[in-house]
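So you can see what is in the structure, the chains are spelled out below.
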Amino acid sequence: QGEIDFKQDAKFAQHLKKGEGVSNFAKSKTFAQQRQYLPIFSIREELLQVIRENQVIVVVGETGSGKTTQLTQYLHEDGYTNNGIVGCTQPRRVAAMSVAKRVSEEMETELGDKVGYAIRFEDVTGPNTVIKYMTDGVLLRETLKDSDLEKYRIIVMDEAHERSLSTDVLFGILKKVVARRRDFKLIVTSATLNAQKFSDFFGNVPIFHIPGRTFPVQTLYSKTPCEDYVEGAVKQAMAIHITSAPGDILIFMTGQDEIEATCYALQERMEQLASKKEAPKLLILPIYSQLPADLQAKIFENAEDGARKCIVATNIAETSLTVDGILYVIDTGYGKIKVYNPRMGLDALQVFPVSRANADQRAGRAGRTGPGTCYRLYTESAYLNEMLPSPVPEIQRSNVGNVVLLLKSLKVDNLLDFDFMDPPPQENILNSMYQLWVLGALNNVGDLTDIGWKMVEFPLDPPLAKMLLMGKQLGCIDEVLTIVSMLSVPSVFFRPKDRVEESDAAREKFFVPESDHLTLLNVYQQWESNHCRGDWCNDHFLHVKGLRKAREVRSQLLDILQTLRIPLMSCGLDWDVVRMAICSAYFHNSARLKGVGEYVNCRNGMPCHLHPSSALYGLGYTPDYVVYHELILTAKEYMQCATAVEPQWLAELGPMFFSVKDSDTSMIYHKKKQKQEKTAMEEEMESLRKVQEDKERE
Ligand code: ADP
Ligand code: MG
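Thresholds, definitions, all that
- Residues numbered from 1 in each chain as written.
- Chains lettered and ligands numbered in written order.
- Predicted model: local features only at pLDDT ≥ 70, side-chain atom pairs only at ≥ 80, totals over all residues.
- UniProt positions renumbered as here; feature names shortened; annotations may be inferred.
- Helix = DSSP H or I, 4+ residues; strand = E, 2+ residues; numbered from the N terminus.
- Buried ≥ 20, exposed ≤ 12 C-beta atoms within 10 Å, placed from the backbone.
- Near = placed C-beta within 6 Å.
- Nonpolar A, V, L, I, M, F, W, Y, C, P; charged D, E, K, R; others polar.
- Pairing = 2+ DSSP bridges.
- Axes fitted to C-alpha atoms, helices over the stretch in contact; angles between N-to-C directions.
- Contact = placed C-beta atoms within 7 Å.
- Left-handed = near helix turned anticlockwise from the far one by under 90°.
- Parallel < 35°, antiparallel > 145°, perpendicular 65-115°, else oblique.
- pLDDT = per-residue confidence, 0-100.
- Expected span 1.5 Å × (residues − 1).

Naming follows an unreviewed UniProt entry, where the protein chain appears as RNA helicase of Salvia splendens. The heading Catalytic activity (unreviewed entry) in the UniProt record of the protein chain holds the text "ATP + H2O = ADP + phosphate + H(+)".

Caption draft 1: Region of the structure containing the overall build of the protein chain. When you go through the protein chain residue by residue, the secondary structure sums to 27 helices and 21 strands. The burial tally for the protein chain puts 43% of its 698 residues in the buried class.

Caption draft 2: Looking closely at the site of ligand 1. Around ligand 1 there are 18 residues in total, and Lys-67, Thr-68, Thr-69, Arg-102 and Phe-300 lie nearest to it. Classifying every residue of the shell around ligand 1 by side-chain character gives four nonpolar, ten polar and four charged.

Caption draft 3: Layout of the sheet that holds strand S10 (residues 248-252). Pairing is parallel across the open sheet formed by six strands, whose spatial order is S9-S16-S13-S10-S12-S11. One side of each edge strand has no neighbouring strand; the edge strands of this open sheet are strand S9 (217-221) and strand S11 (282-287). Sheet twist, expressed as the mean angle between neighbouring strand axes with direction ignored, is 15 degrees. Alignment of S10 against strand S13 (residues 326-331), held across five bridges, turns out to be parallel. When the bridges of S13 are listed, Ile-249 appears paired with Tyr-328. The sheet contacts of helix H13 (residues 356-364) involve S9, S10, S13 and strand S16 (372-376), and relative to S13 the element is tilted by about 150 degrees.

Caption draft 4: Representation of unusual backbone geometry within the structure. Even without glycine at this site, Phe-121 takes up a positive phi of about 70 degrees. Checked against the element boundaries, Phe-121 lands in the loop between strand S3 (115-119) and strand S4 (122-124). Judged by local crowding, Phe-121 falls into the partly exposed class, with 18 C-beta atoms found within 10 Å. Its identity as a non-glycine residue notwithstanding, Asn-204 has a phi of 60 degrees, on the positive side.

Caption draft 5: Molecular detail of the sheet that holds strand S6 (residues 152-157). Reading across the sheet, the eight strands line up as S4-S3-S5-S2-S6-S7-S1-S8 and stay open at both edges, with mixed pairing between neighbours. Where the open sheet ends on each side, the last strands, each with one partner, are S4 and strand S8 (207-209). Adjacent strand axes in the sheet meet at a mean angle of 20 degrees, parallel and antiparallel pairs treated alike. Pairing between strand S2 (residues 85-90) and strand S5 (residues 131-135): five bridges, direction parallel. When the sheet's bridge partners are listed, Thr-89 is paired in S5 with Met-134.

Caption draft 6: Quick look at the pairing of S2. Of all six residues that make up S2, six are buried, and the element is covered over most of its length. Alternating positions in S2 separate into two faces, Ile-85, Gly-87 and Thr-89 on one and Val-86, Cys-88 and Gln-90 on the other, with burial throughout.

Caption draft 7: Up close: the packing of helix H18 (residues 462-473) against helix H24 (residues 576-586). Packing of H18 against H24 leaves a shortest axis separation of 8 Å and a crossing angle of 140 degrees. The interaxial crossing formed by H18 with H24 has right-handed handedness. In contact with Pro-463, Leu-464, Lys-466, Met-467, Met-470 and Gly-471 of H18, H24 contributes Ala-581, Ile-582, Ser-584, Ala-585 and Tyr-586.

Caption draft 8: Structural context of helix H15 (residues 401-409). Among the residues of H15, Gly-401, Asn-402, Val-403, Val-404, Leu-405 and Lys-408 are the ones counted as buried. Packing partners of the buried residues in H15 comprise helix H8 (165-180), helix H16 (426-438), helix H17 (450-456) and H18.

Caption draft 9: Structural detail: the packing of H18 against helix H19 (residues 477-487). Between H18 and H19, the least distance of the axes is 8 Å, while the angle of their chain directions is 165 degrees. Comparing their axes, H19 and H18 come out roughly antiparallel. Handedness of the crossing formed by H18 with H19: right-handed. The residues of H19 that touch H18, namely those facing Leu-464, Met-467, Leu-468, Gly-471 and Lys-472, are Ile-477, Glu-479, Val-480, Leu-481, Val-484 and Leu-487.

Caption draft 10: Up close: the environment of Glu-552. Considering the arrangement of structural elements, one finds Glu-552 in helix H23 (residues 544-563). Classification of Glu-552 by C-beta neighbours within 10 Å gives partly exposed; the count is 15. Measuring from C-alpha to C-alpha, the distance between Glu-552 and Phe-121 comes to 7.4 Å, with 431 residues separating the pair along the chain.

Caption draft 11: Representation of the confidence of the model for the protein chain. For the protein chain, the average pLDDT comes to 88, and 89% of its residues sit at 70 or higher. For residues 1-24, every residue scores under 50 in pLDDT, and the model assigns this stretch 23 contacts once sequence neighbours within four places are set aside. The ipTM value of the predicted complex is 0.98, and its pTM value is 0.82.

Caption draft 12: Local environment of H18. Under the 1.5 Å per step criterion, the end-to-end length of H18 is 17 Å for twelve residues, consistent within 8% with the ideal 16 Å. Along H18, the residues that are buried comprise Pro-462, Pro-463, Leu-464, Ala-465, Lys-466, Met-467, Leu-468, Leu-469, Met-470 and Gly-471. Gly-475, located one to two residues past H18, shows a positive phi value of around 70 degrees.

Caption draft 13: Quick look at the pairing of strand S1 (residues 56-60). Summarising burial for S1: five of the five residues are buried, a large majority. Taking every second residue as pointing to the same face, both faces of S1 are buried, with Val-56, Val-58 and Val-60 on one and Ile-57 and Val-59 on the other. With five bridges connecting them, S1 and strand S7 (residues 185-190) associate as parallel partners. Of the residues in S7, the one forming a bridge with Val-59 is Thr-189. In this sheet, S8 lies alongside S1 in parallel orientation, the contact comprising three bridges. Among the inter-strand pairings, Val-59 is bridged to a residue of S8, identified as Phe-208.

Caption draft 14: How the structure looks around the environment of Ala-279. One can find Ala-279 in the loop between helix H11 (256-276) and S11. The sequence separation of Ala-279 and His-241 amounts to 38 residues, and the corresponding C-alpha distance is 9.2 Å. In this view, Ala-279 contacts Met-270, Leu-273 and Ala-274; residues no more than four positions away in its chain are not counted.

Caption draft 15: A look at the environment of Leu-610. Here Leu-610 lies in strand S19 (residues 607-610). On the neighbour-count criterion, Leu-610 (24 C-beta atoms within 10 Å) is buried. Through-space distance from the C-alpha of Leu-610 to that of Leu-174 is 44 Å; in sequence the pair is 436 residues apart. Excluding its chain neighbours within four sequence positions, the residues that come into contact with Leu-610 are Leu-616, Tyr-617, Met-639 and Ala-642.

Structure representation (C-alpha cells):
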C-alpha cells in the first residue's frame, strides 16, 4: 500500500519528484500557476470559441476540473463583462460564499468588489461587481423584479445535476429569456452524465466535455450491514490514520448532529492514543451548511507538516466543494433529503440511502490527487439492489408552495403547463395551491389575492409571509417581524456538550411559558436592551453571530415593509395578539392534547410531541391546543417551536378546518367539508385547464 503510480500525469509527477507533497502544492504555487494546472485550462480556447458561437451550451466535467472557479473568470477575460454581469448560480449557500471568496483571491480583489456573492438575506456585491455568485434561489427571486434579467450578460447555471428546486424552475424561466434576448448567453454545467437531458431541454444545444484527470479508486464494501455508521466511520478513520500511507480522509455523514458526534468521538480516540504513545497528528474538520463561514474555510487550509486532515462533511463535499489531497473516502451511504408528503401536507428532512450516482460521486473524491480508496459502510448487495440509480429531483419531492406563488406572480396562470424538465406530481401542485388558498393567498379560481401579491414580495415561506401580514392587521408587526427573523436563522441557543446543565438553565431564564415563538422574541428584546453586547450573549449562552444575523434579516424585511408602505406597529406587552398572528399562519400545523403530554395533529390525527428544548416542555405546561413551526422526524415526531393557542382562534382563523364546537363529530364533519372544498378546488383547476386547452386548439 502507498505505492503511487503517477505515470498518468507527468506534470503532476514532476511536482512530487521535486519533493512537493500533495498538500504543499497549493502552498508553493502562485494563484496563476494553480489556475494553469486545472484541467479546464488545457481547453480554455476551444471552450471560449464554442461559447462565442452558441447561445446556450452544456459543459460537463469532473468535479475539481475548474468549472465553478474558472469559467466565470474566462468569460470576464474574454470581454463579456464589458456590457453586463457574469452570474453563476449555486444550489448551496456555502458553495456560493466559499467560491466567491476563492475567485476574489485569484483575481486579487476584495470580496464584494469585482467579485461578489448574494445569498438570501446577504448581498456582498457592489457597483464594481462583474462576477456574481449566488444561490439559484436568489436569481429566481431576481426574475420577479426583472423578468429579462437585463443586468446579466451570461448566466452560468452551475451544479445543474443537483436538480435543486430553484434550478429546475430557473430552467423553464431562462429558456424564455434565451428566446427573448439574443444578447444573452446561458451555460449549464454538470458533473455527471445528465448532460444530454439538459441539452435536449434547450433544443439540442452543444455539449462540451472537459477532459478528466482522475486516478483509479479502489472500492471496498462492508461485508455485513453496518449497525451504527457513526461508530463504523470512526473506527475506519482511525484504522486508516494509524496504518495507511499519508493522504487526507473525507467522511460523509448526513447532518450537523452526526458530524459533531463523529468529530467528538474521533477527538476522544486521538486523546486516548496520545496518552499511550506518540501518534501522528489528526486535524479533525467538520463542514456543514450551518457552520460559521470562518470555520468552513478551515477545510481548505493546509495541515501542518506530518499531520493528516480528516474532513467530516454532509453531501456538500460531494460535488460543490473540492478539497485537494483526499485519498480516503468513508461513505456511510446515507444523506438527508427533504421529502414532502402531500397527503399529510408536510415537508420533512429525513435520512435516506443515497443513490448509486451519489455514491459513485463520493467515491470519486478519493481519486483527485492520486489513486485512492473508498470504504463503503454498506454491502455491495445494498449498492446494487437497494439504492436508486440516481436521485429524485427536488421538485418532485417538495412542497411547491413557494414555486406556485412565484410563478403565479410571473403570470404563469396554468402551472400544469409550465415548461418543467420533470414536472412535479400534479397532486403536489394542487396540494400546494390548496395550502395557498387556505392561507388566503389564492382566490377560488386560483388567482393571487391582494395578500398573495404582498406575500410574493418577501423571500420567505408562504406561512411566514402570512404571519407578517397578519401582524400588520393585528397591530403587532414589530413583534412578529422579530419572530420571523429569529425563525430565519439557525438556533441562537448555545449548548456546549460539556456545559449542558448550565446552558439549559440559562435558556430557561428566557422562557415565556406559553410559547417558544415568544421566547425567541424575549431573547431578541433582551439582547437589544443590553445594547446587543457580545459578552452579554456569552454570559447567557447565546450565539452572538446568530442574533446579529437575525438583526440583519430583520432590517432587510423592514426595507421590504417600507417599500410596501406598511408602518411598524407594536403591541407593547400584550403578547396575546402576537400568538394570534402566529396562529393565523400556522393553523395547518395545530395539535390537540391527548393524554399526558401527548399531542395529535388536529387535521390528520398523527401523534406529535413537544420537543425537550421547548419552553412548554421545560415548564411542564401542556395547553389543550398548540400550533408549531415545523415537524421534525427524529426518534419521535417532534413539534419544533410551539405556541399555545385558543381553540376559538383556530375556528376563526382557519374556518376551513375547524369549528368552534370541538367535538369529535364536528371534526369528522369538518374533515368531510375540507375534502369537499378541496375537491371543488381541484375541479375548478381541471375546468380551467380544459378552457386553456380549448383556447389553444382554437
Ligand atoms: P469544479 O467546479 O469543476 O468542481 P472548482 O472550480 O470548484 O471545480 O475547483 C477547482 C479547484 O479550486 C480545486 O482544486 C479546488 O480545490 C480549488 N478550490 C476551490 N475553492 C477553493 C477554496 N475556497 N480554497 C482553496 N481552493 C479552492
Ligand atoms: Mg463546481
